[in-house]
Structures are given as structure tokens and as C-alpha cells.
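# Descriptive analysis of the structure
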4 protein chains.
Amino acid sequence: MIHNGVLIDDTYAEAFGMKATRIIITADNLTWAKNAANAAFGFATSVIACGCEAGIERELAPDETPDGRPGVAGLLFAMSTKELAKQLERRIGQGVLTCPSTAVFAGCDSEEKLPLGKNLRYFGDGWQISKVIAGRRYWRIPVMDGEFLAEESTGLLRSVGGGNFLVLARSRCQALSACEAAVLAIAKVPGVITPFPGGVVRSGSKIGSKYKALPASTNDAFCPTLRGVTESELSPEVEAVLEIVIDGLSDADMHAAMKAGLEAICEIGAAGGIVRLSAGNYGGKLGQFHYRLREILA
Amino acid sequence: MIHNGVLIDDTYAEAFGMKATRIIITADNLTWAKNAANAAFGFATSVIACGCEAGIERELAPDETPDGRPGVAGLLFAMSTKELAKQLERRIGQGVLTCPSTAVFAGCDSEEKLPLGKNLRYFGDGWQISKVIAGRRYWRIPVMDGEFLAEESTGLLRSVGGGNFLVLARSRCQALSACEAAVLAIAKVPGVITPFPGGVVRSGSKIGSKYKALPASTNDAFCPTLRGVTESELSPEVEAVLEIVIDGLSDADMHAAMKAGLEAICEIGAAGGIVRLSAGNYGGKLGQFHYRLREILA
Amino acid sequence: MIHNGVLIDDTYAEAFGMKATRIIITADNLTWAKNAANAAFGFATSVIACGCEAGIERELAPDETPDGRPGVAGLLFAMSTKELAKQLERRIGQGVLTCPSTAVFAGCDSEEKLPLGKNLRYFGDGWQISKVIAGRRYWRIPVMDGEFLAEESTGLLRSVGGGNFLVLARSRCQALSACEAAVLAIAKVPGVITPFPGGVVRSGSKIGSKYKALPASTNDAFCPTLRGVTESELSPEVEAVLEIVIDGLSDADMHAAMKAGLEAICEIGAAGGIVRLSAGNYGGKLGQFHYRLREILA
Amino acid sequence: MIHNGVLIDDTYAEAFGMKATRIIITADNLTWAKNAANAAFGFATSVIACGCEAGIERELAPDETPDGRPGVAGLLFAMSTKELAKQLERRIGQGVLTCPSTAVFAGCDSEEKLPLGKNLRYFGDGWQISKVIAGRRYWRIPVMDGEFLAEESTGLLRSVGGGNFLVLARSRCQALSACEAAVLAIAKVPGVITPFPGGVVRSGSKIGSKYKALPASTNDAFCPTLRGVTESELSPEVEAVLEIVIDGLSDADMHAAMKAGLEAICEIGAAGGIVRLSAGNYGGKLGQFHYRLREILA
């Protein structure tokens, strides 16, 4: 299958079940809502070393938030409910409770809940006040700029992590330019984030290493400088490969995001230096969600 | 002492010895250098829950970096050398190694060293190559967009953390506006960062809590909503208090940053709703560095 | 009428018929589409001295643009078709034709047309090539980075300019903070722009002046520093007044934008220092469109 | 001469004498100072159709501005003192007088002066107040958010416009990426701006056209798509050419900026797809300032 001069591999991205939540951070203005979100969701590119994967889903206008102020919606993903709860409490405690003028709300509903204000309230040293409005409990915690308002809890969602595709291009500049367009297109899809720096990862890995202590190492088959010394996957004109990794709240969200990203790359096409699109998987045995590139682009 | 209508408390900020390092991240353009820095230095507001305090010190033009590309200088602070080394490796591994087109270099010198490329190199699975230029060792680690260049190690510095001052104002809006100016002024001082979200913290704390498990809790004496129910520090016209926390590579850097921040607030003065400037300390017994507001502003 | 502690004046904004168009600027990435838009739509706050009022309506994902690249939609408003055509040609010629990687397309349809590529093509010095796709004509003009693609013409729309409201607050800080929220809310409404710097104007004017050559001068009735020396409109607690001016493609767009902006201010309310909302008009004889605040907020 | 694989043409940029001024815009915070500057200095890429060339020179910390607030320094260039005065008044009147919380000051000194507050004061309708501090006159003009403070006049400088160089690259992506680095490097040099969108221009022109009414047209010798049909300057591997145009307050500033830009491109070098550096001139008879690439890079 060739789209606008780009070879589409007959392969699929293999993704995993994860636990996730959406929260809403508001503030007196959008700048400070984003300051809080950047502090809370930074250093969250990969669950293995960061504990969670997180990011801003989108900006919210005043009429889209619970308290009528500008805000952002953020998504957090982790491998277990326990780890998600731990990361959520720690990151909201360090990045939002601390941040001038902010409040925090649940951004999704579910039977099972994750604590939000429920634990953070103890910072109030007994002066915190609880309030129930329309069946939802909120905490007002006294702080130096007034009160930190935090909803009691947020929803726990069964979600999908690790959707991905690989962009093979004639130069790094062209690979990166195409990925920037894809990240932008994916950002318009609700329910997803691209957790790596700027939405893109260049250190693709394979399972295992010659060093026994390491569970993973560089994906030599996709490294252009190793073409002569390893069993390479790369044809001679490929000078750079980049990967986009996606986490989504549902299988449908992930499908929409994969489609938006892949189509953005194909639009740029061979004229923009794109040679081939591929995806990463583990033979299909580890992850229960499979996204076949050719079906998505059909 | 009154400056431009602002009462300057006769008190001091109490700061602590910390371990720190400066690193330089470069990339094909400034956007991607910042993407890496934001991923690596996010979620780093306070050593207690984040492991380190970190942030961008400043942007670098191509002629200020080791490889002639745009970049940023970043600072990391931790309580021990061991924790600093751990956080450095993890954060560079997750935020810079992963980020398209980046390289990482030492940003300071010292006898004692922290590993940088020294440990990250193993990701190369044996294909990494070492190179010594002008007495410094670098690692070239094959990745999908070419090579990740990482200097072997970076310097370890004895530094100062927890410099601070408190801004008491007539409204939250005015407190925040003044703090934005102060953060901007501090950002021009070399060798310092303001690690909290947007550089400002509103959840000032006191040691201890009525809940035994908690080591700290809200600083009720500075909470405007608790004026009637606690022994308050706040006069009636104070509606909001914000704090700026500073980490610096040296005592001189900290002094310069405190001065820049305090002067920016005083410039705004009573006309901009500023009532009083104060600072946080623990009676002087815990931290070896004391910054007296009135001396700094004399 | 009082909303959340804010007095809503029983008055209306008086707006005028204007000529307008929407164009779409695309580029290899969003940064460069915005660079072009900022160059083309800058210095366009008021028709009187700038010739037109212009701004970015919204950012566009690759799947929302004619050539599948990231882009922005921009709106231009002028008092006559002739002036609009002149400004359009000059601003696209200076800001988009010159800007690396960009293309320009019609963003609306109509019987009557404004020239776009039709005049700009002559820059090609005879090497320009015309192409008709699906009934629309495009010009390919050779430039140093490839070709500048410009659609032959864009639509001419009958639109509405000069919708407005006034925000009266206890401090400038609070007035500005509220207006930032309102501008953000209005930005989510399709078909409108807020042409003044950052979307807000502080130099409200009245018709006439003591200096004969000047057609307008400061609106002294709304100047806080003139309360003692002129017939003031301001009660004692009002320390600052700001105005938001809106241009919209239709009466319905303007109504939606006025509503979004007014509601954002009311949400902030008296707690955020907002005292009163008013609007500017000329007794209703000059402009054919009237937007009554109380009806919009009813 | 070859630098890092890049051929340096044995040619020079030909630049012209222009009139210029520097002004300082301050505001309650940096965001609003930039909002004003973007409104005032937008649509100012080329003197021919915009009246002037203008841009932000750099951001200023509170301790670098006359009123101790955050600000920006901006530069304006025009062909005559009369046109410069006209553009200055109009652009400050539309972009700064209108913008919440701003003030405007002279940013340079000289015997000859350009009016700043001197003419804008009449907006005050007689309520403006003059004040002389340390020998400099300021105007306080009542507006709705308080007072607009404008210094009486600013300096008039003899300056240099139209410094330039051409970047020839293997792909548009690489040309653009290199130019972004050069613009960033030039931005660190005091006294200069790069007036085109994002600092870069792709529509290089030659004098004259086959259409008699047009004084200039596309520089066909540097258009890659015209290689087969015109007398081309481009070798086969060049796929894109971009130009950086620089205006500077002095010959020394221009020299420093040319050097910073050219060196940034050379650093990227052949490995980043750069083939050749050239410059535009008119045989040396029109402009009195000549910048020889090889001397600058020697």
C-alpha cells in the first residue's frame, strides 16, 4: 500500500490496557492553569521510570469548566490503580495545590473513584471545609492566596496505552517536521495525549540488551548509523526514524488519533521526504489492542 | 523600613546547603531543546515529593553551546549527591535521550563528578562509541534519528536552596501580578531557578500538623480566610500572600536573585496593591544561609 | 439587573456594517503559518489609522485545510470593498508571499469576489502557472523556496464591526484579569476577532475634541483620574475601565461572541473585583446593529 | 572558501542608510508589553508597502526600564525622517496608547528628536499633564485604566537597512531549520532586527519585471523550479533558498549580526543540508554599506 508516495507497512501497533483519569485544572487565567499543568504533568514520558504518563489534553474556555474560569484538561495513565492514585496525589499536591489561584476538579465519571481532595485536604490542618453541591463533594483548603478548591475524587477509567507509529524519512529535518504536523493533528482528537517530549520519541527500543541488568536497549534495526553493522530494517534513502506514542482513554479514541496522525504524515508525503510508515509490536502476545496501519488508512 | 509604600519586615530568609549541577541541552532548534528540558525538569517543585528541584536557567544562542546549536541551560538541586545522581540519570534518560535531535553536555566543572553519558551509554547496547576531545570524554549512542551525544559526566556543586520571600497584597490579582514581575527579574540573574509553578507558591507551610502522619501543614498565620480563627500575621487590608522560592548555585547568586526579586516588588509598590514583604525562616537553627531583607534592600 | 454581584447597565453596543473576508494560510508547520499571520494581520487594531481590522480567527489542524498542512484562519474587516481589497493585497503580499513555506486560500464563498492570487501572481514575472481544480483557480508563483500557491480570489462578506462592552472594576489588575478570560471565551466563538492588542482597549474615546483637528478624544466620563474634574460615569469604587471590541462575520456570530464575553466576566463577578458592565453607543443613529446587554444575559 | 562543507560566495551584502529609533514599551507584565509591541510593529516587513520596518529588539527586565516594570525594546526603520515620524506616531497611537497598562519611553538619545508623547498627548483633550524629571519631559494622558505615560520625544538615529544573506540548501526543511538558528543567533545581538515573518524571507526579488508597472519581480535565478527555463544560479543539489534581511542601528551592529547569523548557518554545515551562502547586492552603486561574507567569516 502506497499513499502519496509513502509506503505503508503491513503491520500494526500493539497497545496495552492501562488505568487512567482526566482532571480539570482551573485558574484566574489560562497562563496559571498551564503553569500548574506543566509542573504536575512534566517528567511523565514513560511509566517505567516516571510512574505515569501524563499531559495536557486540551485548553478549556471559561464556559467549559466547573467554576467558570479558564482551564486545562489533563490525562494521567498508569499500569495499576494503586500507582495511578499515588502519582495523582503526589503530582496534584506538588503542581496544583502549590500553584497560585488554581482549583482542581474531576474530568470524568465512573463507579470506581480515585481520591483527589480527599487526601489533599489534610494539608488544611483541620481548617478545611467540605461542601456538597449537586451530589458532589468539594474541599475548601485554606492557603495563602485564599482557598484551594479540590473535588473529593475523580473517575477511574480503563484505557489504552502505547499506540504508536514510526516515521521513516530522508532527513531528520523532514522526519521532525512531519511529526510536528502529526502531533498537532492528534492534539485535536479528544481523549488522547502524546506523552514524549514535544509528542515525539527518537530512542526507539527493543526488548533485551547485551548488558544483563537492562531490560531494553536501542532498536538497532531502526538506527541509520548502524545500517552496516546490524540487520537493518532501513533502506538506503532513510536517514532518520521518529516514533509517535499515543495514550488514549478508549479504543475508539486511540483509533481516531492513529488515523489523524497517519493521515497528517501521508499528506506531507514523498514530496516532504517521507519514505515509509511502520509501527511497533511484540508479536501480538503482550498487548490486547492492535491497530493495523493499512486498515486505519483504508 | 518602608520602600515605595511597602513595609519591609525586619526578618530573613533561611536557606540550606544543597547539591546541584548545571547541564546544557542542545537541539536542532530551540523549540526541541525546550521540549526536552520541559520533560526532564517538570514535576520538580520540591525535593520532598519530587526528588529534586529543577528548571531552565536560561536559553542559549548557538555561539554559547558546545556544539554550536541552540540550547538551554538547566539546573538541578537535591539534598544529597546520591539523590542528585539518581534524579539526573533518570530525568536525562526520560526527557533528553528520548527527545529528537538533542545532545547533553556538562554545564559546570568540579573535582567531583556526576555521571551523565557514563551510565546512559548502555542504552546503545554495545554500539556506543567513546571519543575524547580536549581532555573531555563524550559518548555517541546510536538512536533512530542518528546519534545521541552525551558528555561523560558533569560537575557537582555545593549550592544553596530555599531562599524565599513573601509578598503580602491587597488582592490576589495584585499579588500575582507583582510576583510575575519578580520572577522575570530573577530569571535574568545567572545561577538561579524558581522551582515552583510559574516561579510562585501559594501553599506556604508551617512545620507540624494536627494529623500526626503529616510533617507540615498550611501556614495558617498567613491564610487570609483564617484571620478570625487563628493567630494571624495579616493586617486587615491583606487579602492574599504569595511566596517566591529560589535555589541558587552560590551564596552570591542567591543574594543577587533575592535583591532582583525584592526590588521588582518594591518598584510596583503600594500603588500596585503591595502592602508588605516578609520571609520564611525556622529561627535560624536549621539553615546556614540567612538573607536579611533590610540589608539586601539597603 | 445584577449578575453575580455585577451591575448590568440597561444599554446596548452599537455596531456597524462592514465588509470582510476570511482567508486560510497554511505552512509546513504551525509556527510558520502563525509567523505569516502575525506579519499580515499586525498593526490592524482600527480601520481609521490602520486601514483594516484583522486577526487570527483560529488555528487549523491539517485535516481542516485545503492542502492538508497546519494553518490558521484569519479575518479582515474594512469600511469599503475597495479598501478591503487594497489591504488584503498589500498584507498578503508583505506577510504571506514573503513567508517561507506558506500558501493562501479563500476561507469563505460569495458571489462577489476579492482578488487574492489574481494580483499577486504578477510577482512571478511571467513564470506563474494557473491551475483549475474542482472549478477553483489557483496560481503557482515561483519563489526561492519552491512555489507560492495562492487561490485566485476569496469571498466578500457583509459583516458587523464594532460590537463592544465596558468592564468597570475595583483595580486595573482585576479589570485586566477579567478581560483576559473574556477574550479567551470569545476566541472560541467562530467568525469573530477582537482586533485590539491582546483583545482589549483602554483608550475609550468620545466623538469630538477641544482641538478642532481631532475627530475624537479620551472618553473623560470613564477616566478614573478625571472623576473630580469632569462629569464622571464612575462610582467611587471603580478604579479602572477596560473595553473589548469585537468584529464578526454576521449578526449571529456577534451575538454569540458578546454573550460568551459577558458571561465570562459575570462568572468572575464581584468576588473578582468586577463592579459593572456597560457598552458604547452613539444614540443608535449611526450603527444598524444593537446588542442590548440585558437581553444577551437574560 | 569552504566552512564546514558550506561554500561561501565571494560576494557582499549591499545595505543602505536609513533613519531609525528605539522605543521602550513597558506594562504591568511582560505579556501586555508584548501585546502592545506586536500590534505596533506588525505589518512592518518592508518599507515599500508597510511604510517602515519594525520589530522587537529584546525583552527587558524591570531593572532595565525607566519605570521599573517589565518591557520590550523595539526598533523602527524608515527611508526618511518624515516617514519615520509618521509611522511612529500612528503605530504607537494604535498599538500602545490603546493597550492596557502600557507606557512608552525613548530608547535612545540624539540631538534631533522624533515626537512621541508630544503629539499623542492631544488625545487627552486638555486633561493631559506635563512633567519634567531630570531634564526629560513626560506626558500623563488620562485613559480608562488610569494614565498613559509617554515621554515627549525619542532620538533619531542614522542607521543601516537591508543587510542580508542567502542560504542555499538541499531541502526546504533544512534551509528553514538553519535559518531559525540564524535568526535566534542574530536576536542576541543588540541594535538589530530581522523584519520579515519569523525573520526569514523566501520571495527574493530582482529589480524590474516584464510587467511595466512593477518595479521588482521574483529572483528567477534563485528559484529552484525555474532551473530549466532561466539562467539559474543554482547547482543541481539546491532545492531551496531562503534569505535573512537585517536592519541595524549602526554599521558595527550590522557587522556583528551578519557574523552571528552566518556562523550559525556554518555550524549546521553540510551535515545539515547547507550547500552555499551568498548575499544580495546591486553592483555596489546603490548602497553605501558593503558586508563581504568572506571577510566576516575570516
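Rules of the game
- Residues numbered from 1 in each chain as written.
- Chains lettered and ligands numbered in written order.
- Predicted model: local features only at pLDDT ≥ 70, side-chain atom pairs only at ≥ 80, totals over all residues.
- Heavy atoms only, no water.
- Helix = DSSP H or I, 4+ residues; strand = E, 2+ residues; numbered from the N terminus.
- Rg over C-alpha atoms; globule rule 2.2 N^0.38 Å.
- Buried < 20%, exposed > 50% of the residue type's maximum accessible area, 1.4 Å probe, protein only.
- Contact = heavy atoms within 4.5 Å.
- Areas by Shrake-Rupley, 256 points an atom, 1.4 Å probe, with all protein chains shown as cover.
- Lys, Arg positive; Asp, Glu negative; His and termini not counted.
- Charge placed at Lys NZ, Arg CZ, Asp CG, Glu CD.
- Least-squares fit on C-alpha atoms with pLDDT ≥ 70 in both.
- Buried area = accessible area lost by both parts, 1.4 Å probe.
- Salt bridge = Lys/Arg side-chain N within 4 Å of Asp/Glu carboxyl O.
- Domains from an automatic or database assignment.
- Nonpolar A, V, L, I, M, F, W, Y, C, P; charged D, E, K, R; others polar.
- Phe/Tyr/Trp six-rings, centres within 6.5 Å; stacked < 30°, edge-to-face > 60°.
- Lys NZ or Arg CZ within 6 Å of the ring centre and 35° of its normal.
- pLDDT = per-residue confidence, 0-100.
- Polar contact = N/O pair within 3.5 Å; in protein donor to acceptor, adjacent residues only side chain to side chain.
- Disulfide = S-S within 2.5 Å.

Here the focus is the overall build of chain A. Scanning chain A from N- to C-terminus turns up 7 helices and 18 strands. A compact globule built from 298 residues would reach a C-alpha radius of gyration of about 19 Å, and chain A, at 21 Å, matches this within 12%. With the C-alpha coordinates aligned to their principal axes, the bounding extent of chain A is approximately 65 × 45 × 30 Å. By the burial criterion, 63% of the 298 residues in chain A qualify as buried. Partitioning the contacts of chain A with sequence separation of at least 6, the portion at a separation of at least 24 is 74%. Total accessible area on chain A is roughly 10700 Å²; 51% of this is exposed by carbon and sulfur atoms. Each charge class in chain A can be summarised by its mean position, and for the 30 positive and 33 negative side chains these summaries are 5 Å apart.

Take the relation of the copies chain A and chain C next. With an RMSD of 0.0 Å, chain A superimposes on chain C once it is rotated by 180° and translated 0.1 Å along the axis. A rotation of that kind, with that shift, is consistent with a two-fold axis. Using C-alpha coordinates, one finds that chain A approaches the rotation axis most closely at A:Glu59, a distance of 6.6 Å. When the interface residues of chain A are mapped onto chain C, 100% of them again lie at the interface, so the same face is used by both copies.

At C:Ala134, a position not held by glycine, the phi torsion is positive, near 50°. Phi angles above zero are rare outside glycine, and D:Phe43 is one such case at about 45°. Tracing the chain through its elements places D:Phe43 in the loop between helix H1 (30-41) and helix H2 (47-50). Given the relative accessible area of 7%, D:Phe43 is considered buried.

Here we take up the interface of chain A and chain C. By a frequent convention, interface size equals the accessible area lost on bringing the separate parts together. With 19 residues of chain A at the interface, the matching set in chain C holds 19 residues. Of the roughly 1300 Å² buried between chain A and chain C, counting both surfaces, carbon and sulfur atoms make up 64%. For chain A, the biggest contributors to the area lost against chain C are A:Pro62, A:Leu184 and A:Lys188; these three give 30% of the whole. At the surface where chain A touches chain C, the tally comes to 2 salt bridges. Of the charged contacts in the structure, one is a salt bridge between A:Lys188 and C:Glu64, with a shortest N-O distance of 3.8 Å.

So, about the domain arrangement of chain A. Residues and elements named next belong to chain A. What the domain assignment reports for chain A is domain 1 (2-14 + 160-297) and domain 2 (18-157). Placing the centre of domain 1 and that of domain 2 at their C-alpha centroids yields a distance of 31 Å. Listed as interface residues are 13 residues of domain 1 and, on the opposing side, 14 residues of domain 2. Between domain 1 and domain 2 lies a buried interface of about 980 Å² when both sides are counted; carbon and sulfur atoms form 68% of it. Of all residues in domain 1, Ile-193, Pro-195 and Leu-249 bury the most surface against domain 2, accounting for 51% of the area lost on that side. If you look at where domain 1 meets domain 2, you find 0 salt bridges.

With 70 residues of chain A in contact, the opposing surface of chain B contributes 71 residues. On the chain A side of the interface with chain B, the three residues burying the most area are A:Phe43, A:Met144 and A:Arg202, jointly 18% of the side's total. Inspection of the chain A/chain B interface yields 8 salt bridges. In this structure, A:Asp125 engages B:Lys206 in a salt bridge whose closest nitrogen and oxygen atoms are separated by 2.7 Å. Per-element accounting of the side of chain A that touches chain B gives the leading share, 5 residues, to helix H1 (residues 30-41) of chain A. Of the residues that constitute the side of chain A that touches chain B, the class distribution is 33 nonpolar, 23 polar and 14 charged.

With that settled, the discussion passes to the packing of aromatic side chains. Centre distance and the angle of the planes are the two values used to describe a pair of aromatic rings. Enumeration over the complete set of coordinates arrives at 12 aromatic pairs over all chains. Note on A:Phe105 and A:Tyr138: the rings are 6.2 Å apart at their centroids and 70° apart in plane angle, and the pair reads as edge-to-face. You can see A:Phe105 sitting in strand E6 (residues 103-106) and its partner A:Tyr138 sitting in strand E9 (residues 136-143), a full 33 residues away along the chain. Owing to a relative accessible area of 13%, A:Tyr138 belongs among the buried residues under this scheme. When the ring centre of B:Phe43 is taken as reference, the NZ or CZ atom of A:Arg91 above it lies at 4.2 Å.

This next bit is on the confidence of the model for chain A. Considering every residue of chain A, the mean pLDDT works out to 96; 100% of them sit at 70 or more. This complex was scored by the predictor with a pTM of 0.91 and an ipTM of 0.96.

So, on to the side chain of D:Ser110. Position of D:Ser110 among the secondary structure elements: in the loop between strand E6 (103-106) and strand E7 (113-115). D:Ser110 has contacts with D:Gly155, D:Leu156 and D:Leu157, leaving out every residue within four places of it along the chain.

For the pair chain A and chain B, the superposition axis carries a translation of 0.0 Å, the fit reaches an RMSD of 0.0 Å, and the rotation angle comes to 180°. Both copies contact each other with a shared surface, as 100% of the interface residues of chain A are interface residues in chain B too.

Time to look at the environment of B:Glu64. If you trace the backbone, B:Glu64 turns up in the loop between strand E4 (53-60) and strand E5 (71-78). The sequence separation of B:Glu64 and B:Ile24 amounts to 40 residues, and the corresponding C-alpha distance is 10.0 Å. In contact with B:Glu64, not counting residues within four places along its chain, are B:Arg58, B:Glu59 and D:Lys188. A polar side-chain atom of B:Glu64 sits 2.7 Å from the main-chain amide nitrogen of B:Ala61.

Quick look at the state of the cysteines now. Within the structure shown, the criterion is met by 2 disulfides over all chains. Each sulfur in the disulfide pair A:Cys173 and D:Cys173 lies 2.3 Å from the other. Residues A:Cys173 and D:Cys173 are joined through a disulfide that is left-handed, its torsion about the S-S bond being -100°. Residue A:Cys173 is located in helix H5 (residues 172-187), and its partner D:Cys173 is located in helix H5 (residues 172-187); the two belong to separate chains. Of the two residues, A:Cys173 and D:Cys173, neither departs from the other in class, the shared state being buried. With no disulfide of its own, D:Cys52 has D:Cys50 as its nearest cysteine by sulfur position, at a separation of 7.3 Å. Residue classification places D:Cys52 among the buried positions, given a relative accessible area of 0%. The thiol of D:Cys223 is not disulfide-bonded; the next cysteine sulfur, from D:Cys179, is found 16 Å away. The exposure class assigned to D:Cys223 is buried, which follows from its relative accessible area of 0%.

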